[in-house]
Amino acid sequence: MHALPYLTSLVGAVDEDAVFDYLMGTLSPSVYDFSYLMNCSGAQEKALMADAAIPDFCEAMSNVDWPERLFTLLQCSSQARKLGKMLLAYRKPAFVRLSPGAGAIEAESLDLSLAGDLHKTLLGTGVIEFLEGIREDALRSLLLGIELGLDSNGRKNRGGHAMEFVVGEYLETLCASGELKFEKECSTKRIVDLGWATVGDINSYGTKRFDFAMRYKGRVTVIETNYYSSSGSKLKATAEEYARRGEAVRNSPVRFVWITDGMGWKSACNPLRQAHVSLNFLFNLNMMRAGALIEVLNT
């Protein structure tokens, strides 16, 4: 831990234990806004991607011989194939199906970009049978519902992005001075290409890509961020990784800052404490906003 002057006024001391206790006592209960629950605009945008195929799709499904008509439509229309794949609520390009039967275990790979494989999958799941005679407005509503469902299922990937957003907004406010420049998702190569640092300055970081890289008054600072709302093995592994990195880059002219938060750390305080000792700069969001990052930049 690097002793920053602000810690005396904020924490009341620069003792490592006192600072760590302050960090643990000011963890944020949330970093999410309403977009964590549901990204309606994004779901609507995805649902509209197949809108051009809806009239022909409904026309095919309105006939008694809809299986044959649907197959013909899928053969001649890439938009119809896109719509058909959306109905499966499945993002991957192929589906590997375990073949039924009591014999040797075999797998059947279905390429969902191909009309025949997609048609077979739609029939096999039974989802297409619900759409016989469906109206255009009803199909549009169904596609929107599917995309909203898939979006909510992706919440587990949003914690890191939400944390990046909060830190990024804060960096934007610091840019008002005109002296601070920063880039998101910035690699070591990019930092060198920008002329912010030499290869020798940053070689101890390897080929790492950082959540943020900043240049202020001729010095470069890189930032990693994450947020953990619950416990798990990932927290210990992350803390240990950053502790090792802290040791490796301790004497680098490019400073490393780790900004992490979330109540999940309550169950992994020992690994986080070790990282706190190994790293020069480790903060949570409250400490960042209280002046920690500004003092790092001015150090």
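Higher on the page you've got the structure.
Residues numbered from 1 in each chain as written. Predicted model: local features only at pLDDT ≥ 70, side-chain atom pairs only at ≥ 80, totals over all residues. Heavy atoms only, no water.

(A) Inspection of the environment of P67 at higher detail. Along the chain, P67 turns up in helix α5 (residues 66–76). Since its relative accessible area comes to 24%, P67 is described here as partly exposed. Put simply, P67 and E132 are 65 residues apart on the chain and 9.7 Å apart in space, counted from C-alpha to C-alpha. (Helix = DSSP H or I, 4+ residues; strand = E, 2+ residues; numbered from the N terminus. Buried < 20%, exposed > 50% of the residue type's maximum accessible area, 1.4 Å probe, protein only.)

(B) Local environment of the pattern of salt bridges. Summed over the entire model, instances satisfying the criterion amount to 16 salt bridges. The residue E241 makes a salt bridge to R245 at a minimum N-O spacing of 2.9 Å. Placement of the pair is E241 and R245 together in helix α12 (residues 233–248), with a separation of four residues, close to one helical turn. One salt-bridge network, in which partners are shared between bridges, spans K208, E224, E241 and R245. (Salt bridge = Lys/Arg side-chain N within 4 Å of Asp/Glu carboxyl O.)

(C) Representation of the packing of aromatic side chains in the model. Counted under the stated rule, the structure contains eight aromatic pairs. When the centroid spacing of 5.4 Å and the interplanar angle of 85° are considered together, the rings of Y205 and F210 count as edge-to-face. Residue classification places F210 among the buried positions, given a relative accessible area of 1%. A network of ring pairs unites the aromatic residues Y205, F210, Y228, Y242, F256, W258 and W265 as a single cluster. (Phe/Tyr/Trp six-rings, centres within 6.5 Å; stacked < 30°, edge-to-face > 60°.)

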